[in-house]
Amino acid sequence: MKVPPEIAALRAEGGSQQPLAASHEKAMRDALARWHNRPEIAALLSEVQGFGSGAPIEECGHLHSLTRQHDLASDFVRSFNADMLSQLRHTPLGEVPLRFKSSRGFSTLQIVQAGRATLSLVAYEPSNGVALPSSAVFADRASREMIIAGEASAISHRRRDDDILTEPLALTAGCRISCKPMAEARQIVSVKRSLLMVQLTREPQSPKPTQEISLETGQILKQASGDKSASQAAMALSVLGTLSDNRAVRIFVTTACNLREDGNVRWEAARQALASDSVAGIRLLDRLAADECDPLAGAARDLRDRLLDGHPSLRIALREAA
């Protein structure tokens, strides 16, 4: 078996894996810093910072042009690839020091995140197509996309009062897509040739919940917090609930009653309280339902009544615990 010298060095007895890894990491970070320091890239990244702080896109000339002019966007991607690939040829075991996500047929690389703005490269691999969607997801996030290369079919959605207007999109190099927060969305349906795009997004200071809407009925099928920190808090509560520790009930109750907390986080805390201790959970719903100024009062009242009507044993348990 032929083993490359770089791998052999790592496998050798007493090999210096940590120093070698540190050396590769530094080399990649230095390469990225050199790219950042290019005058045209430095100017662009500075505008991402301003855009992320709330500046209108029209006041960010380089950034505005990047999302509207195919040649500029292509040059941007080409310069990034050239600098990173050049360094990787010298350090083949190195990694580009940027956040990324990858799943089957889809990848995204976060070039820069500044304030509430994110500039990314997004790629879709060829597919034979999927079933036409029956729902659309609307997020409280403005987005602008420029197709660099490839060919794909997509669908755009626009919310108009209680209706959703849907129309097909044929995507090729040079196409632009923009989506307004909570009002517009797009979905990639099939990819004929690998699709690469530059994507610029910006979220408000306090994002509204993301909603999945039925295209047929216009009803909200699912809703999730648009706040990243709130999503993390809800996940933490879920993990705490799986530990089956009765001491966690106090945390659930305190979180659910905190009116300054995100509504989705509070509701997740109430759910976990019910799952951990049904009596404490029902009492918590009573407490939430009693405060008419609480946004969760109606939902808490409805859930409490359904549980008590559907499970008479809960009424018995409440009386015994009184």
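Chemist: Can you explain the packing of aromatic side chains? Please cite residues and give values.
Modeler: Inspection of every chain in the model, using the stated rule, returns three aromatic pairs. Between W35 and F76, the aromatic rings sit 5.5 Å apart at their centres with planes inclined by 55°, giving tilted as the arrangement. Remark: F76 occurs in helix 5 (residues 70-90) and W35 occurs in helix 2 (residues 17-36); sequence separation between them is 41 residues. Summarising the aromatic geometry, the rings of F106 and Y124 are spaced 5.0 Å apart at their centres and angled 55° between planes, so their arrangement reads as tilted. Placement of F106 in strand 2 (residues 106-114) and of Y124 in strand 3 (residues 117-124) is noted, with a sequence separation of 18 residues between them. For Y124, a relative accessible area of 14% corresponds to the buried category. Here the aromatic cluster, defined as three or more aromatic residues joined through ring pairs, consists of W35, F76 and F80.

Chemist: Lay out the packing of helix 6 (residues 228-242) against helix 8 (residues 263-276) with the relevant residues and their values.
Modeler: Interhelical geometry of helix 6 versus helix 8 gives an angle of 5° and a closest axis separation of 9 Å. When the interaxial angle is binned, helix 6 and helix 8 end up roughly parallel. For the pair helix 6 and helix 8, the contacting residues are A230, A233, A234, L237, S238 and G241 in the first and V265, E268, A269 and Q272 in the second. A breakdown of the residues in the contact of helix 6 with helix 8 according to their chemical character gives six nonpolar, three polar and one charged.

Chemist: Can you tell me about the pairing of strand 6 (residues 163-172), naming the residues and giving the values?
Modeler: Strand direction decides the pairing type here: strand 5 (residues 142-160) and strand 6, joined by ten bridges, are antiparallel. For A154, the partnering residue across the bridge sits in strand 6 and is L169. A loop of two residues connects strand 5 with strand 6, the two strands running antiparallel in sequence, and D161 in this loop sits at a positive phi of about 55°.

Chemist: Before we move on, can you summarise the layout of surface pockets with the specific residues and values?
Modeler: By volume, the largest pocket is sized at about 1,500 Å³. The wall of the largest pocket is formed by 43 residues, among which K101, R141, Q199, T201 and E203 lie closest to the centre. Per element, the largest residue contribution to the lining of the largest pocket is six residues, and it comes from strand 8 (residues 184-202). Looking at the lining of the largest pocket residue by residue, the class counts come to 14 nonpolar, 17 polar and twelve charged.

The rules we used
Residues numbered from 1 in each chain as written. Predicted model: local features only at pLDDT ≥ 70, side-chain atom pairs only at ≥ 80, totals over all residues. Heavy atoms only, no water. Phe/Tyr/Trp six-rings, centres within 6.5 Å; stacked < 30°, edge-to-face > 60°. Helix = DSSP H or I, 4+ residues; strand = E, 2+ residues; numbered from the N terminus. Buried < 20%, exposed > 50% of the residue type's maximum accessible area, 1.4 Å probe, protein only. Axes fitted to C-alpha atoms, helices over the stretch in contact; angles between N-to-C directions. Parallel < 35°, antiparallel > 145°, perpendicular 65-115°, else oblique. Contact = heavy atoms within 4.5 Å. Nonpolar A, V, L, I, M, F, W, Y, C, P; charged D, E, K, R; others polar. Pairing = 2+ DSSP bridges. 1 Å grid on protein atoms, 1.4 Å probe; cavity = no way out; pocket = protein on both sides within 12 Å on 5 of 7 lines; lining within 4 Å. Points joined across faces, edges and corners; volume = space filled by probe spheres on them.

None of this, on its own, says anything about what the molecule does.
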